[in-house]
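Residue-level structure breakdown
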Amino acid sequence: MNNNGTAMVLASTVFSQMPEIMLSIILYNLLQHFAAGIVDRWIIRTPLPLQYGTHA
């Protein structure tokens, strides 16, 4: 995901006559960021439940 902006600039120059290609690249980029946000929020930042017999 680090080079998405660079890829979109390059694609916009190469595929300037085909806006549907740019739209698919933008939608893919948005989907990728949305999925990364969900993974970050639900999996990485979810606190682990306390085990039985432990104190906070």
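Our structure's up above, just so we're on the same page.
Residues numbered from 1 in each chain as written. Predicted model: local features only at pLDDT ≥ 70, side-chain atom pairs only at ≥ 80, totals over all residues. Heavy atoms only, no water.

1. A word on the overall build of the chain
Across its full length, the chain holds 2 helices and 0 strands. Here the chain holds 56 residues, and 7% of them are scored as buried. Within the structure as shown, the chain displays about 5,200 Å² of accessible surface, and the carbon and sulfur contribution to it stands at 68%. (Helix = DSSP H or I, 4+ residues; strand = E, 2+ residues; numbered from the N terminus. Buried < 20%, exposed > 50% of the residue type's maximum accessible area, 1.4 Å probe, protein only. Areas by Shrake-Rupley, 256 points an atom, 1.4 Å probe, with all protein chains shown as cover.)

2. Points about the packing of helix 1 (residues 4–14) against helix 2 (residues 19–44)
At their nearest, the axes of helix 1 and helix 2 sit 10 Å apart, and the two run at 170° to each other. One way to sum up the angle between helix 1 and helix 2 is to call them roughly antiparallel. Contact residues: helix 1 offers Asn4, Met8, Ala11 and Ser12, while helix 2 offers Met22, Ile25, Ile26, Asn29, Gln32 and His33. Tallied by class, residues from the contact of helix 1 with helix 2 come to 5 nonpolar, 5 polar and no charged. (Axes fitted to C-alpha atoms, helices over the stretch in contact; angles between N-to-C directions. Parallel < 35°, antiparallel > 145°, perpendicular 65-115°, else oblique. Contact = heavy atoms within 4.5 Å. Nonpolar A, V, L, I, M, F, W, Y, C, P; charged D, E, K, R; others polar.)

3. What to know about the environment of Ile25
Mapped onto the elements, Ile25 comes out in helix 2. In this structure the C-alpha to C-alpha distance between Ile25 and Ala11, which are 14 residues apart in sequence, comes to 8.6 Å. When residues no more than four places from it in sequence are discounted, the contact partners of Ile25 are Met8 and Ala11.

Shape is all these values report; function is a separate question.
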